[in-house]
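# Coordinate inspection notes
Listed here are the chains, written in short residue letters.
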Amino acid sequence: MGVFMKRKWWHGKVAYQIYPKSFKDTNKDGIGDIRGVIEKLDYLKDLGIGIIWLSPIYKSPLADQGYDISDYYAIDPVFGTMDDFEELLKEAKKRDIAILMDLVVNHCSDEHEWFKKACEDPEGEYGRYFYIRDWHKGEPLPCNWRSYFGGSCWDLLPGHDDKIYLHVFHKKQPDLNWENPKLREEIYKMMNWWLDKGLAGYRIDAIINIKKVLPFKDYPIDRADGLSSIDNMLSEARGIEVFLNEMAERTFKPHDSFSVGEVFNVPDSELYKFIGEDGCFSSMFDFNEHLIGREKPGSYNWRKPTAEEYKKALFDAQEKIAGVGFYSNIIENHDEPRGVSHYIPEEDLSETSKKMLAGLSLMLPGLPFIYQGQEIGMENITVSSIDEIDDISARGEYEGALIDGISPEEALKSVVHYSRDNARTPFQWDDTKGAGFTDGTAWMRINPNYKDINLKEQKGRANSVFEFYKKLISLRTESEYKETLIYGSFTAYLREKENLVSYIREGDRKVLIAANFGGAPQSMTLPGPVKNIILSNLTDTETDRNMIDLAGYQIVIMEIE
Ligand code: TEU
Ligand code: CA
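The paragraphs below set out a description of the structure included in this document. (Residues numbered from 1 in each chain as written. Chains lettered and ligands numbered in written order. Predicted model: local features only at pLDDT ≥ 70, side-chain atom pairs only at ≥ 80, totals over all residues. Heavy atoms only, no water.)

## Side note on the site of ligand 1
- Residues in close proximity to ligand 1 total 15 residues, the closest being Asp64, His107, Asp205, Asp335 and Arg420.
- One nitrogen or oxygen atom from the side chain of Glu262 is found 3.1 Å from an oxygen atom belonging to ligand 1.
- The side chain of His334 places a nitrogen or oxygen atom 2.9 Å from an oxygen atom of ligand 1.
- Starting from 500 Å² of accessible surface for ligand 1 in isolation, the protein chains cover 91%. (Near = heavy atom within 4 Å. Polar contact = N/O pair within 3.5 Å; in protein donor to acceptor, adjacent residues only side chain to side chain. Areas by Shrake-Rupley, 256 points an atom, 1.4 Å probe, with all protein chains shown as cover.)

## Quick notes on the coordination of the calcium ion (ligand 2)
- For the calcium ion (ligand 2), every protein donor is listed as Asp25 (OD), Asn27 (OD1), Asp29 (OD), Ile31 (O) and Asp33 (OD), and the spread of their distances is 2.2 to 2.4 Å.
- Each donor residue of the calcium ion (ligand 2) belongs to the same chain, and together they define the spacing D-x1-N-x1-D-x1-I-x1-D.
- Judged by its relative accessible area of 4%, Asp33 falls in the buried class. (Donors = N, O, S within 2.8 Å, 3.2 Å for Na, K, Ca; no water. Buried < 20%, exposed > 50% of the residue type's maximum accessible area, 1.4 Å probe, protein only.)

## Some details on helix H16 (residues 465-478)
- The end-to-end C-alpha separation of H16 is 20 Å, in line with the 20 Å expected for 14 residues at 1.5 Å each.
- Looking only at H16, the buried set comprises Val465, Phe466, Glu467, Phe468, Tyr469, Leu472, Ile473, Leu475 and Arg476. (Helix = DSSP H or I, 4+ residues; strand = E, 2+ residues; numbered from the N terminus. Expected span 1.5 Å × (residues − 1).)

## Some words on the sheet that holds strand S18 (residues 510-516)
- On the basis of which strands lie adjacent, the open sheet formed by five strands has the order S16-S17-S18-S23-S20 and antiparallel pairing. Single-partner strands in this sheet number two, and they are strand S16 (489-492) and strand S20 (530-536). Sheet twist, expressed as the mean angle between neighbouring strand axes with direction ignored, is 25 degrees.
- In this sheet, strand S23 (residues 555-560) lies alongside S18 in antiparallel orientation, the contact comprising five bridges. Each residue of the ladder has a partner; that of Val511, found in S23, is Glu559. (Pairing = 2+ DSSP bridges. Axes fitted to C-alpha atoms, helices over the stretch in contact; angles between N-to-C directions.)

## Quick look at the packing of helix H12 (residues 392-403) against helix H13 (residues 408-418)
- H13 packs onto H12 with a crossing angle of 145 degrees between their chain directions and a minimal axis gap of 9 Å. Once H12 is placed against H13, the crossing between them reads as right-handed. Counted together, Ala394, Glu397, Tyr398, Ala401 and Leu402 of H12 and Pro408, Ala411, Leu412 and Val415 of H13 form the full contact between these two elements.
- Residues that form the contact of H12 with H13 fall into these classes: eight nonpolar, no polar and one charged. (Left-handed = near helix turned anticlockwise from the far one by under 90°. Contact = heavy atoms within 4.5 Å. Nonpolar A, V, L, I, M, F, W, Y, C, P; charged D, E, K, R; others polar.)

## Observations regarding the packing of aromatic side chains
- Scanning the model with the defined rule gives 40 aromatic pairs in all.
- Seen from their ring centres, Trp154 and Phe216 are 5.1 Å apart, and the 85 degrees between their planes marks the pair as edge-to-face. Here Trp154, found in strand S8 (residues 154-156), pairs with Phe216, found in the loop between strand S10 (201-204) and strand S11 (228-229); they are 62 residues apart in sequence, far enough to count as distant. Phe216 carries the same exposure label as Trp154, and that label is buried.
- Seen in terms of ring centroids, Phe285 and Phe369 are 5.1 Å apart; in terms of plane orientation they differ by 70 degrees. Their pairing is edge-to-face. Residue Phe285 is found in strand S13 (residues 283-285), and its partner Phe369 is found in strand S15 (residues 367-371); the two are separated by 84 residues along the sequence.
- On the basis of relative accessibility, which here comes to 3%, the residue Phe285 falls in the buried class.
- Members of the aromatic cluster, each reached through a chain of ring pairs, are Tyr58, Tyr72, Tyr73, Phe85, Trp114, Tyr126, Tyr129, Trp193 and Trp194. (Phe/Tyr/Trp six-rings, centres within 6.5 Å; stacked < 30°, edge-to-face > 60°.)

## Describing unusual backbone geometry
- Look at the link from Leu214 to Pro215: it is a cis peptide, with omega at -5 degrees.
- Its identity is not glycine, yet Gln65 carries a phi of approximately 50 degrees, on the positive side.
- The class of Gln65 is buried, set by a relative accessible area of 10%.
- In the Ramachandran plot, Tyr553 falls in the positive-phi region, its phi being about 60 degrees despite a non-glycine side chain.

## Re the pattern of salt bridges
- Inspection of every chain in the model, using the stated rule, returns 53 salt bridges.
- One salt bridge connects Arg461 with Glu351, and the closest N-O pair in it is separated by 3.0 Å. Taken together, the positions of Arg461 in the loop between helix H15 (455-458) and H16 and Glu351 in helix H11 (residues 351-362) put the pair 110 residues apart, joining distant regions of the chain.
- Here Glu351 falls in the partly exposed class, since its relative accessible area comes to 27%.
- Taken together, the shared-partner salt bridges connect Asp64, Asp335, Asp391, Arg420 and Arg424 into one network. (Salt bridge = Lys/Arg side-chain N within 4 Å of Asp/Glu carboxyl O.)

Next up, the structure:
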């Protein structure tokens with residue numbers, strides 16, 4: 001536990017991700033806004049939230065829903081004004097809630113001033129903010145990398161027919177050239193500007209992409225489009241820590257801010273560079289569960305995890321991070337399917353299984369991040385045509401599947417599960433028209449199940465998913481088990497027992513978490529006599545001194561002597 005001796009202000013908090021566009025609309029334009037977030041601060045406080053991560057609200061053409069920023073110093077008018085934002089900071093502070101913004105600095109928008117100037121004068125100062133190369137029709141491109149959203153990552157530079165620029169995401173998201181110290185200075189200046197305003201820190205978007213293998217070169221072709229996944233390049237890229245340590249020294253450290261990286265593709269032996277005692281970030285997301293079943297490129301090739309795979313990913317992640325640092329644990333986010341629809345077999349989806357999944361994740365070491373709507377068990381949506389999909393990633397994936405020779409029906413079926421729309425449907429506050437999200441017409445369709453699944457119905461109902469989340473959170477933030485749950489060790493328990501996911505947290509108390517990740521009842525041996533049943537998702541819990549019986553999808557959290 002040595003590394004955690006230095007206690008940080010954020011260690012004992014529970015964080016909550018808001019996707020502002022779909023959270024709460026206050027001016028009837030059908031789009032969630034900052035005033036909506038302010039309005040719901042009391043709700044979040046009551047839930048027990050201590051940190052909010054806001055997905056991007058900066059000025060943006062919203063080609064990738066705000067992950068394409070055209071002015072880092074401005075709030076997009078659809079979300080409100082800078083005054084609204086400052087009021088949000090003030091109101092959050094009153095409630096002891098820290099605000100994080102999304103830091104999107106691998107790329108900006110093609111409508112950002114820097115890119116416009118680069119197009120006007122590619123040889124000039126701003127040309128060096130991007131990756132621009134000479135190219136003539138018929139020549140090979142500098143490299144064959146596939147953009148994350150499909151197609152080549154090179155496009156013609158607007159206004160030129162002999163120059164191209166790099167974008168590893170959408171073509172409206174030109175990559176910023178981190179090798180240029182001037183660009184890096186601009187970014188740090190901007191980050192400090194917000195931190196000086198009172199921002200508590202950042203969630204750092206797609207950061208692993210800022211270090212490219214240069215000079216550009218091809219990697220093995222891995223799909224019918226003749227291109228190569230960016231992952232192939234990233235696995236060879238070295239030296240990102242130079243940029244990230246510089247960022248930390250110049251921005252996070254002087255502000256004692258919290259930073260959580262969206263970090264993929266890090267070898268286990270390098271984790272300490274990211275979140276160790278002297279790491280560049282406070283924390284990084286655990287994506288190990290999310291990666292299950294995604295070995296082959298193309299989401300139409302992906303498959304849902306099994307209980308055993310889920311357990312393995314969860315435990316392996318905890319074991320490799322032990323003694324290194326704090327993971328940020330998620331069940332879902334704005335890029336993922338709804339966790340309950342993804343990790344639980346369709347036929348077993350119920351309030352009981354939803355609560356089990358919540359308990360397993362929230363009792364882990366690390367910092368829990370709850371994604372909006374997760375606390376009421378929101379589910380994936382059904383889609384019957386590609387035209388109903390808003391997500392540019394899913395649309396690109398659909399095109400890619402067609403190029404690979406998949407039939408349109410199959411392609412649709414397979415991209416639907418991973419479409420980012422699943423997480424982006426409006427929050428279901430109540431059962432009125434607009435689901436309490438808007439009095440206008442929602443920008444995106446509301447999941448028709450809002451009549452059954454909504455906060456109003458769950459709030460105060462003792463056995464609801466929402467009330468269960470509240471209890472789990474309070475265990476971490478204000479109970480006698482707090483110290484153990486925040487700083488205690490993690491030990492897998494009866495790891496080999498099929499459909500059982502169980503682990504022990506040990507600090508000043510010893511807490512056993514036991515979950516039956518399957519529909520059939522099972523019994524398990526206890527590691528010692530039960531002192532206290534702390535919480536369960538079902539009311540009847542049968543134990544004697546040595547054994548406990550678990551009903552299908554039951555989770556029991558108990559103190560052991
Ligand atoms: O996502 C980065 C990223 O790697 C995604 O492509 C992710 O792998 C994929 O969405 C999984 O389905 C971040 C943001 O979270 C995402 O919303 C943005 O679109 C992206 O960066 C570009 O900024
Ligand atoms: Ca609005």
